[in-house]
Each structure stands twice: as C-alpha cells, then as structure tokens.
Amino acid sequence: MLRLRAVCPFSWRAFQFRSCSCKPLITEMIKCTDEGQIFDLIQKSKAVLSEKQVECAFNILWQFQKQKTSFLKNVECVRDHPQFITLHNLATSQMEFMNDDTLVNVLYLTQQCATETHDLLVEALVTEAWRRLESFVKLFVALGPMAGPEEKEQLKSTILLMSEELTSQQALAVMGAMEEMESRNSHLNKKIASILHKHLDNYKPIELLKITRALVFLHFQNKELFVKLRELLHSYLKISVIPSEISILVYALSILPSPYLDEVEISRIEAVLPQCDLTDLNSFATSVLRWIHYDRTYLDNTTGKQLKLLQKLDHYCLQRLQKCTNLNLLWEELKSLKGDWFAESLLEETVATLHRLMDEINYKNVAEIASFLSRTNYLSTLLLDRIASVVLQQTEKIHPFAILPIILPFSILNYDPPQSDEFFGICVQHLNSYLSVLDPLMLVFLGFSLATLEYFPEDLLQAIFNIKFLAKMDSQLELLCSSLSMRVQLRLMELNRAVCLECPEYQIPWFHDRFCQQQYNKDTGSVNGAQQQIYKMLAEVLGGVNYVKASVLTPYYHKIDFECILDKRKKPLPYGSNNIALGKLPEMHWESNTQITGSTLPPGAERIALEFLDSRAFCRNIPHLKGKSAMKKRHLEILGYRVIQIPHFEWNSMALSTKEARMDYLRECIFGEGKS
C-alpha cells in the first residue's frame, strides 16, 4: 500500500478526495439556503470539485428555482453571478465523467440559462449528448424538447436507422421522447411500437403506464398491441399487493379504449384502500370516474359496484384527512392532487384540516399553502390571514422567489388581509433589491397580481415599463411554448391597461393597440344560453334591439356583454341602424383612440354596461367576486360606465325562474324600478 502511494501519488490523492471529501462538501451544499451560499462554496472549493459535486451544485440551484411557481423558473440572478461561469468551466472540463442523468440535468439547466457567454457550454453538452446518443438513447428525451424542426427530424431519422438494435429500455425512452415532441411521424411511431410490443412482457407496471399514456396521446392505432397491453395490466393487477402499484395499473387500464374491471379486480382495489395515501386514492377515484363516464356515454349504464367503490374512496380520503396531525406530511400528499373529484368531494374537508393545522404554517411552507388556495380558488380568510401574518413576522427568512405565489391567492380571490398595506408593502420591499435580476416573466405576473389588488409600486412599474426590460422579455418569449408566451403577453397588456387607467400620473404610455386588435380579430363571438336570454329580454325592457348593443369593445379593449344608454330622464336612447347583432365580432364604437373624454353623450345621459358573470368570476366556496372581475368593474367605472353585474346564481335562482321575474330583475337593475 505504501509503495502504491509512492508510485501514484496523484491518483491516490484523487481517489482519497472522491471517497472521503465528496460527501462532506455535498452535505454543505445541501444545507445552503440560497444561491449565494452555493456560489461561495464553489469559489472556495473550485480547485477540488468532482463531477458529482458539480452535479450537486447544479441540482441544488435548480431546486431553488422550483421554489417559484412552475411556469416562472427564474435564472437571471443565477446566470449573472460570476461563480456560475466557474461552475460552467468545471462542467466543461468534467463532462466526460458525468453519467447520463447528470449530463441531462446540466444540459437542461444551462439551456434554460443560455446567453452568448454560456453558448459554448451548451454546445459542448449537446455535442457530448449526440456522441452518447448511439449508445444511450434515453438522452433523446433531453434533446428532443430543445431541438428545432430540422433537429427533431434528424433525431427521428437517427432513431429510425437505429431502431432494430434498440433494447426494451431504449425503446421506452424513445417513446417517452416521441410523446414529449408530439411526434406525428407514423412510420417511426409504428416502428417503435412494434419494438415495445416485442418486449411488452418485460416491462414493470410503471413502465406499462408510460407506454399506455404515450400510445393514447399519440393516437396510435393497433388493436393487437392494445389487447396485449390490457391483458398484461389485468394479469399484474390480479397478483399485485402494493397500493401504489395497483393504482398505477388501474389508472393505465382506465385510459385504454373500452376500460373495464371485473369483480375480482374491484375487490382487490377495495382491499388495499385502508393502506392508500391521498395520492393513490385520488388516482383510483379519477380512474373510476373515467369508467363511469365511459359506461354512461357508450353503454348507457352505470354499475352499482362503481358507485359503491367511489363512496368507499370518499370514506377513506375523509378518514385520512381527519387523522392527519402533521402539515408537512399532509402537503406531500396534497401537492399533486387535482381533478373534479378532489374539488367536489375533498376540498371542504381538506381546508378544514388545514385550519386545524394552521399553526404549523411557517416561512418554509407558506408559499405552498398559498399556491393551494390559488389552485383551488377557495377563499379561506383564516388561512390567508395566517399567511399574511407569517410573512409579516418572518419576511427575512422567505425566499424572494416565493413572494409571487404568496401574493397570488390574495390577487385571484380579491382579498385584503388585516394590515394589508403593511403586508403588500413588505412583500414588494423584500423584492426591491432583486428587481434588476429577477426573471422578466415573474415581474410581469407580480405586477399584474398587485395591480389586481389596486397596488401599484412605482419602482416595480418603472422596472417593467422600460425599453431594456421589454427587449429582454421579447427575447425570452421566443423560448417559451406558445400558450405560455401568449399568457405572458396578455398579462403585460392587462398590466399596461391597469396602470394607464388607475395611475395616469405615472405617465406610462399605452402600447398594446396592435396586439389587442390582433387578439380580438380572432374572437369567434360565441355566446352562452344565459347571454342569449338576457339579450332578448333587454331588447323588450328597453324598447327594441336598437336600444341595446351586444359584444362591445371599450377604449383599452375591455369587452362587455351588453351596453345601453339612458338620457337624463332615464329614457333609453337608440343606437341607429348599424347596431351589432348578438354573437358577431365585437367592435369599438367609441373613438378609436384611448381618450376617455372623447366619448360623446347628451348632457346628463349615462352609459350602462351589463355583464353576465358565470361561476368562473366567483370563488369556489362563496359568492365572492374574484380579482379580475372586480378590476374590470373598476376600469369600466373609470371609463364612465355604470356597471351592472348579473351573477349566474341570481339569474338561475328559483326567484327568477319565470320570464316575468327576470324582466322585473332587469328593470330594477337598469331603472331602479320593479314591475312595469
């Protein structure tokens, strides 16, 4: 041993470092609470960092990004740090030692952070990935979503030439990548499906679920493959005793064409229910509802066994919630729950459980509880007040990226907590020093959320509405999927509109005319049954169709359902022969610019906006107007309207079950009088 040390001193030191020093440094990294601490460790240890420690640094940096909502992963304050360049250089030098998963992780994060400075690393990582592609096809999953159209075709061609040699796991990885890329190459799809078919007996239940999901998503048609897949899933289900595995098998069966379960399989599900957590129970419920829907739609039949199973699922979920004594353990089960069954059957009991465990909300989990309320549209003033209290008491411990998800439920649900000015002020103040490095998307969503609450911090608005910021955001939008890109653009437009209307003293110009015209030219002008009823009755109440205008665009492009004008004696005024019919494209009948004072009305006349509000305008649990609808009402009033909002629960109530009652309701709203 001593001779070995003398002959190979460098190799011995390297071996000694990796075996003895790697874990302590990784442990230090795991204890870091922000990016700055990670970068300090990199600076101190850059001479001795191994590829595993480089991977750990990248992974922990990515975990910090996940503290934000999923669609706003911030990277700018990371990539602009000088030690990130050091990390890049280390990644480049140790790339060949990285395993596939490490390479994928590093490639993903650096691609998200890519600027001209970092292009060389991204290029090197992609080159290394291509080099491994022939042997490790699973990297196809990482490369696929990043590739452009030509590269995607190259990827597909490469896999097609190699497909005869693919193993079962490689074929599975390729199928996952094809799903991610929404492959419509029928030849490639059939080729990979045939390989999967050949290896089908070798796959585990979770892998069979992945295959089933991909085949269904890609609209693959092969009766023989689906028959074998169904047989395998049923055979596994008859012998499995693990709750999570059984829920996977049942879920896979439910998404296949013509789903069914026999009595033995239903009994097996019932037997494991007491051992299931909320995630598994929710998965079972989703599957059962899918069977019920299929049976009703195609067989015009619902068996009592399905409904009985659904009742048992309700029972065990409620029991699990009532027995829960730890908020963090509860959140681990709650965070992935979604769907109609959860919202209708479990939401009230879940909120009651959160109320019971409310004292456990702290700076570590406050953003998660806030995101739950945003996602469910449930207005709990107790929980929101507790969230605000935690923020006021523990602001310095809260990560800046968590501020947006914390503010979001207050904005969405239109709620001001006690000490609201202090609460929102502290949230904004906590972010002020990060305005120059925060992700542009985050700032736009944050600005809009605060504007919904009638809160307009000037520093934040000045950071958003300047040429440099908007140019940076434009370049970032090009990297986003079309749906998210459009969502960001809409929020920026809505924020621009809110500032122009509510804070004209900031002198921020309106620059969304062209964008709005493009969006509203795509409007199909569809209307629902209630709007059709209201339109016909308004015409009767006001004296004819020429006295009511439908589908109106105001200055700054708010769309309203109906408009009418009353003179100073409360008599309706006609619009003339060019009135727009219900269901046609909206048109702006005021002056084409945005000057509010430019609208011409006779002296003493008033313009009235009537809006039908469906369930989306209100909180899920109580008839409380949500933030966007409240903001729209404010804006219409600034524009000179008297706003009449017609809630769906009033229009569809027993009190308004007759045409006469509804006509009286409209007269009261418009003229302040009842029966004619």
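Residues numbered from 1 in each chain as written. Predicted model: local features only at pLDDT ≥ 70, side-chain atom pairs only at ≥ 80, totals over all residues. Heavy atoms only, no water.

### Structural notes on the overall build of the chain
And step 1. The secondary structure content of the chain amounts to 33 helices and five strands.
And step 2. The burial tally for the chain puts 51% of its 676 residues in the buried class.
And step 3. Residue pairs in contact within the chain that sit at least 24 positions apart in sequence constitute 73% of those at least 6 positions apart.
And step 4. As presented, the chain carries roughly 32900 Å² of accessible surface, and 51% of it is formed by carbon and sulfur atoms. (Helix = DSSP H or I, 4+ residues; strand = E, 2+ residues; numbered from the N terminus. Buried < 20%, exposed > 50% of the residue type's maximum accessible area, 1.4 Å probe, protein only. Contact = heavy atoms within 4.5 Å. Areas by Shrake-Rupley, 256 points an atom, 1.4 Å probe, with all protein chains shown as cover.)

### Observations regarding the environment of glutamate 637
And step 1. Of note, glutamate 637 is situated in helix H31 (residues 627-638).
And step 2. Measuring from C-alpha to C-alpha, the distance between glutamate 637 and isoleucine 608 comes to 9.6 Å, with 29 residues separating the pair along the chain.
And step 3. Only 2.7 Å separates the side chain of glutamate 637 from the side chain of lysine 633, close enough to count as a polar contact. (Polar contact = N/O pair within 3.5 Å; in protein donor to acceptor, adjacent residues only side chain to side chain.)

### Examining the pattern of salt bridges
And step 1. By the definition in use, this model includes 18 salt bridges.
And step 2. Measuring nitrogen to oxygen at the nearest pair gives 3.5 Å for the salt bridge that ties arginine 607 to glutamate 563. Highlighted residues: arginine 607 in strand E4 (residues 606-613) and glutamate 563 in strand E2 (residues 559-566), separated in sequence by 44 residues. Each member of the pair, arginine 607 as well as glutamate 563, is classed as buried. (Salt bridge = Lys/Arg side-chain N within 4 Å of Asp/Glu carboxyl O.)

### Here's the deal with helix H15 (residues 243-255)
An α-helical turn contains 3.6 residues, so a residue and the one three or four places further along point in the same direction.
And step 1. In this model H15 runs 19 Å from its N-terminal to its C-terminal C-alpha over 13 residues, within 8% of the 18 Å that 1.5 Å per residue would give.
And step 2. Most of H15 is tucked away, with 10 of its 13 residues classed as buried.
And step 3. What H15 keeps buried is the set Pro243, Ile246, Ser247, Ile248, Leu249, Val250, Ala252, Leu253, Ser254 and Ile255. (Expected span 1.5 Å × (residues − 1).)

### Brief notes about the packing of helix H20 (residues 340-356) against helix H21 (residues 366-376)
And step 1. The interhelical angle for the contact between H20 and H21, taken along N-to-C directions, is 150°, at an axis separation of 12 Å. Judged by the angle between their axes, H20 and H21 are roughly antiparallel. Relative to H21, the crossing made by H20 is left-handed. For the pair H20 and H21, contact is made by Phe342, Leu347, Thr350, Val351 and Leu354 and by Ile369, Phe372 and Thr376, respectively. (Axes fitted to C-alpha atoms, helices over the stretch in contact; angles between N-to-C directions. Parallel < 35°, antiparallel > 145°, perpendicular 65-115°, else oblique. Left-handed = near helix turned anticlockwise from the far one by under 90°.)

### Brief notes about the pairing of E4
Within a regular strand, the side chains alternate between the two sheet faces.
And step 1. With seven of its eight residues buried, E4 lies for the most part within the structure.
And step 2. In terms of strand pairing, E2 meets E4 through five bridges, oriented antiparallel. When the bridges of E4 are listed, glutamate 563 appears paired with alanine 609.
And step 3. Of the strand pairs in this sheet, E4 and strand E5 (residues 641-647) are connected by seven bridges, and their pairing is parallel. Among the inter-strand pairings, alanine 609 is bridged to a residue of E5, identified as valine 643.
And step 4. Each parallel crossover has a hand, and for E4 linked through H31 to E5 it is right-handed. (Pairing = 2+ DSSP bridges. Right-handed = clockwise from strand over helix to strand, strands pointing away.)

### Observations regarding the confidence of the model for the chain
And step 1. For the chain, the mean per-residue pLDDT works out to 82, and 80% of the residues sit at or above 70.
And step 2. Considering each helix and strand of the chain separately, the mean pLDDT is smallest for helix H1 (residues 2-7), with a value of 29, and largest for H31, with 97.
And step 3. Counting contacts from residues 1-21, a segment whose pLDDT is below 50, to residues more than four positions away or on other chains yields 11 contacts.
And step 4. In the model, residues 588-598 has pLDDT below 50 throughout and makes 24 contacts with residues more than four positions away in sequence or in other chains. (pLDDT = per-residue confidence, 0-100.)

### Digging into helix H33 (residues 659-671)
And step 1. The end-to-end C-alpha distance of H33, which contains 13 residues, comes to 18 Å, matching closely the 18 Å that a straight helix rising 1.5 Å per residue would cover.
And step 2. Taken together, the buried residues of H33 touch helix H30 (529-542), E2, E4, E5 and helix H32 (648-651).
And step 3. Looking one or two residues past H33, glycine 672 carries a phi angle of roughly 75°, positive in sign.

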